[in-house]
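The lines below spell out each chain.
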Amino acid sequence: MTASPTLITFVIPTRNRQACLRSMLQTFTRFHQEKSTQFDVVVLDNSDDNSLEHDVQNCPYNVSYVYRSDQLSVVENFNQGTARLTGTYACFMGDDDIISERIFDLAFLMDSHNIDATILAPQTKGVYFWPGIVDARWGDLGGTLFLGDPSGRVQPIKLDTAIRDSRARSCDGPQLLPRAYSGLIAKSCIDEVIKRHGALFGGCSPDIYSSRLLSSVVKRLVAIDLPVLLAGASKTSTSAQRAERSDVGQLTANDHLGRFQNLVWSQRIPEFYSPFTVWAQSYLQAEEQLGGKLNDSALAYLYAKCLLFARGNASAVMSAMRRSSNPKWQMMLTALALVALPFRYIAQKLPLLVNRRPGGCTRAFANLETSYDAGRHLDDVLRHIPMQMP
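My aim in this report is to walk through the structure given alongside it, one point at a time.

Thoughts on the overall build of the protein chain
So, step 1. Per the secondary structure count, the protein chain includes 14 helices and 15 strands.
So, step 2. Against the 2.2 N^0.38 benchmark of 21 Å for 390 residues, the protein chain shows a C-alpha radius of gyration of 20 Å, consistent with a compact globule.
So, step 3. Taken over the C-alpha atoms alone, the protein chain extends approximately 65 × 50 × 45 Å along its principal axes.
So, step 4. Counting across all 390 residues of the protein chain, residues that qualify as buried make up 55%.
So, step 5. On the protein chain, roughly 16,400 Å² of surface is accessible, and the fraction owed to carbon and sulfur atoms is 50%.
So, step 6. The protein chain carries 40 positive and 37 negative side-chain charges, and their two centres are separated by 9 Å.

Written out as structure tokens, the structure is:
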């Protein structure tokens, strides 16, 4: 793989979070001055006004600004970015997320070892909460960066195993699949997906849909225990909704799904809005693009998770189960999943119980007012941790 003059194209969809996007642009200005000029940025703005255009024009690096005022779904907005990729690698990210300058070191490492995609390792911990975020469990988290203890180790991922596990637990997100969103992916892989399927993003969740399609073309995937990208939780983000326990509701009674003009929902997926149902629906649509489907065991895991962690929606879950070709068998599988799932949940939450911080993180850095501030602090932590190939 040979690097183009542009090493990475960063694509940032945004809507009515101008303060977050301006902080992100400030971060890229720092990178341009201190780390690398081998990048460009694509801003996909679907806000109520185009006030960000002035900020973009003053950036010292190459920025492509695309503004549309008509109602776009998050998938439609993301897909605009794929035609504007110029880098050897691409990184789609949220406007409130955090990025480290070490992502350039990672891109050079990927290029020198012919790596198609890199994701964060499962043990890599970190999140930034913008001011104003209050968690039902942890209280006021605003302006705080939480981190774990990264090792810098790079480990290969077996794609066939990652695909099998993701299919079995489609409602748990992308897991160990390659990622365009919050990961680093070769542009050549994106081009191949678009050639085969017409678009990279689909379903109603751009992350998991694109991850499943990318897993069909990626040849070499690794995970790194170094948080070069971190989720940010601002007041209107899904991360913040999860923190405040407000991420479950009626199917289209929210801005995320309400913006899909012709939403088609599978009869096998419970009809209510939650991270679990949105991920499962999107994964199913990607799987169908590849000629596959979700079996009864995978759906039983989804139903059990909805019953345990999205309470108040049992009738929607039961309706979905009754639409199975063998409802009694489906209910039995779901009952077994209900027994097993709490043990998995407890095992996953042990670091949280031990460290008593969000996400099981071990360190907290407070009084960081923006993602720019958090990013500078993140770089101070990561700067001297070497990336270790096996």
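Observations regarding the pairing of strand 13 (residues 221-224)
Walk down a regular strand and you will see the side chains alternate between the two sheet faces.
So, step 1. Side chains Leu221 and Ala223 project from strand 13 onto one buried face, and the interleaved Val222 and Ile224 project onto a second face that is buried too.
So, step 2. In the sheet, strand 11 (residues 154-156) pairs with strand 13 via three bridges, with the strands oriented antiparallel. Looking at strand 13, one finds that Val154 is bridged to Ile224.

Observations regarding the sheet that holds strand 13
So, step 1. Overall, mixed pairing links the eight strands, which are arranged 3-2-1-4-12-6-13-11 in an open sheet. Bordering the open sheet on either side are strand 3 (63-67) and strand 11, each of which pairs with just one other strand. Put simply, the sheet's adjacent strands are angled 25 degrees from each other on average, direction ignored.
So, step 2. Direction of pairing for strand 6 (residues 117-120) relative to strand 12 (residues 184-186): antiparallel, over a ladder of two bridges. By the bridge assignment, Thr118 is partnered in strand 12 with Leu184.
So, step 3. Set on the sheet, helix 1 (residues 18-34) makes contact with strand 1 (8-14) and strand 2 (39-45); between it and strand 2 the angle comes to about 170 degrees.

Concerning unusual backbone geometry
So, step 1. Even without glycine at this site, Asn114 takes up a positive phi of about 55 degrees.
So, step 2. With respect to the helices, strands and loops of the structure, Asn114 is situated in the loop between helix 4 (102-112) and strand 6.
So, step 3. In this structure, Asn367 takes a positive phi of about 65 degrees despite not being glycine.
So, step 4. Mapped onto the secondary structure, Asn367 falls in the loop between strand 15 (363-365) and helix 14 (371-382).
So, step 5. Overall, the relative accessible area of 69% leaves Asn367 in the exposed class.

Notes on helix 12 (residues 314-322)
So, step 1. Of the residues making up helix 12, those classed as buried are Ala316, Val317, Ala320 and Met321. All buried residues of helix 12 project into a common sector of 140 degrees when viewed along the axis, lining one side.

As for the packing of helix 10 (residues 275-289) against helix 11 (residues 296-309)
So, step 1. Relative orientation of the contacting elements helix 10 and helix 11 amounts to 165 degrees, with a least axis distance of 10 Å. Judged by the angle between their axes, helix 10 and helix 11 are roughly antiparallel. Here the hand of the crossing between helix 10 and helix 11 comes out left-handed. Across from Phe276, Thr277 and Ala280 in helix 10, the residues of helix 11 making contact are Leu302, Lys305, Cys306 and Phe309.
So, step 2. Here the contact of helix 10 with helix 11 is composed, by residue class, of five nonpolar, one polar and one charged.

Quick notes on the rules
Residues numbered from 1 in each chain as written. Predicted model: local features only at pLDDT ≥ 70, side-chain atom pairs only at ≥ 80, totals over all residues. Heavy atoms only, no water. Helix = DSSP H or I, 4+ residues; strand = E, 2+ residues; numbered from the N terminus. Rg over C-alpha atoms; globule rule 2.2 N^0.38 Å. Buried < 20%, exposed > 50% of the residue type's maximum accessible area, 1.4 Å probe, protein only. Areas by Shrake-Rupley, 256 points an atom, 1.4 Å probe, with all protein chains shown as cover. Lys, Arg positive; Asp, Glu negative; His and termini not counted. Charge placed at Lys NZ, Arg CZ, Asp CG, Glu CD. Pairing = 2+ DSSP bridges. Axes fitted to C-alpha atoms, helices over the stretch in contact; angles between N-to-C directions. Contact = heavy atoms within 4.5 Å. Arc of directions from axis to C-beta. Parallel < 35°, antiparallel > 145°, perpendicular 65-115°, else oblique. Left-handed = near helix turned anticlockwise from the far one by under 90°. Nonpolar A, V, L, I, M, F, W, Y, C, P; charged D, E, K, R; others polar.

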